[in-house]
Amino acid sequence: ALDAGGYVIGSTIQSLFAIERPDLASRISKMEVFQTMYERKLSMTKQADAIVVLPGGFGTMDELFELFVLRQLGISYQPIIILNTDEFYNTLHQWMLEMVGMGFAKPHQMKIIQFVNTAEEVIPAIREQKRILDEEKECAQKRKKRCRKS
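No experiment lies behind these values; they were computed from the predicted model shown. Starting from 1, residues in each chain are numbered consecutively following that chain's sequence as written. Where local features are concerned, this predicted model is filtered to residues with pLDDT of at least 70; where side-chain atom pairs are given and counted, the filter is 80 or more; whole-chain, interface and lining totals use all residues. Only hydrogens and water are set aside when side-chain values are computed; all heavy atoms of the structure are taken into account.

*Asks:* Give a detailed account of the overall build of the chain, specifying residues and quantitative values.
*Replies:* Every helix listed is a DSSP run of H or I at least four residues long, and every strand listed is a run of E at least two residues long, numbered separately from the N terminus. Check the secondary structure of the chain and you find 5 helices and 5 strands. In the chain, the order of α-helices and β-strands from amino to carboxyl end is β-α-β-α-β-α-β-α-β-α. Along the longest, intermediate and shortest principal axes, the C-alpha atoms of the chain span 55 × 35 × 30 Å. Contact definition: two residues touch when any of their heavy atoms are within 4.5 Å. Of all intrachain contacts in the chain linking residues separated by at least 6 positions in sequence, the fraction that spans at least 24 positions is 53%. When the accessible surface of the chain is split by element, carbon and sulfur atoms take 57% of a total near 10,300 Å². When charges are counted, Lys and Arg contribute as positive and Asp and Glu as negative, whereas His and the chain ends are disregarded. Note on charges: their place is set at NZ of Lys, CZ of Arg, CG of Asp or CD of Glu. Between the centroid of the 20 positive side chains of the chain and the centroid of its 19 negative side chains there is a distance of 12 Å. Computed with a 1.4 Å probe, the accessible areas rest on the Shrake-Rupley method; for each residue, only the protein chains presented here act as cover.

What follows is the structure, encoded as C-alpha cells:
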C-alpha cells in the first residue's frame, strides 16, 4: 500500500509490541500501541475504510467475527474482504456455508464478507462491497424516515 501512495497504520497492544514485529513500526506510516485488545479493535474499526483479512490465527478470527457481527447489526459499514491466499480460508468458507445450510445463519449474511483468492481482486472487491453498503445505508435511512412519520 505504501508503494502505491497509501497510508498504513499499524496497531498492536503493548504486551505484544516488543515480541511480535517491532521492526514494522519503521516501515509504515504510523504505529499505534494500545493497552487492551478492545481499545485496539475500536481504533481499527473507526479508522478503516475497509477490512482486508489476511491468513492468521485466533486473534485474526476474533477480529473477523467481531467485525462481521458489527456489520450484521448495522453498527459498522466497512467492506470486509478475506484474502484466501493459497486456499488458507477454504475450510472457513465451507464452515460458514454449512452454518447457513443448517439454519444457524441466514443466506444474506454471507454477503457481509467477500472471499477473494488474489491480491489483485482486493480493490475491485472493496468497490463492490462499498456499492452494496451504500444500498444498505440508503435502505436503513428510508426505514428510519418511515419510523419517524408513524
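Alright, that's what it looks like, and here's the rest.
*Asks:* Residues and numbers for the packing of aromatic side chains, please.
*Replies:* We call Phe, Tyr and Trp rings a pair once their centres come within 6.5 Å, taking the six-membered ring for Trp, and we label the pair stacked below 30 degrees between planes, edge-to-face above 60, and tilted otherwise. By the definition in use, this model includes 2 aromatic pairs. Measuring from centroid to centroid gives 6.0 Å for Phe65 and Trp95, while their planes differ by 90 degrees, and the two rings are edge-to-face. With Phe65 in helix H3 (residues 58–72) and Trp95 in helix H4 (residues 90–101), the pair connects residues that are 30 residues apart, well separated along the chain. Ring centres of Phe88 and Tyr89 lie 4.8 Å apart, and the angle between their planes is 90 degrees; this geometry places the pair in the edge-to-face category. Only protein chains enter the accessibility calculation, which uses a 1.4 Å probe; a residue is then buried when its area is under 20% of its type maximum, exposed when over 50%, and partly exposed in between. The exposure class assigned to Phe88 is partly exposed, which follows from its relative accessible area of 43%.

Geometric values such as these leave the question of function open.
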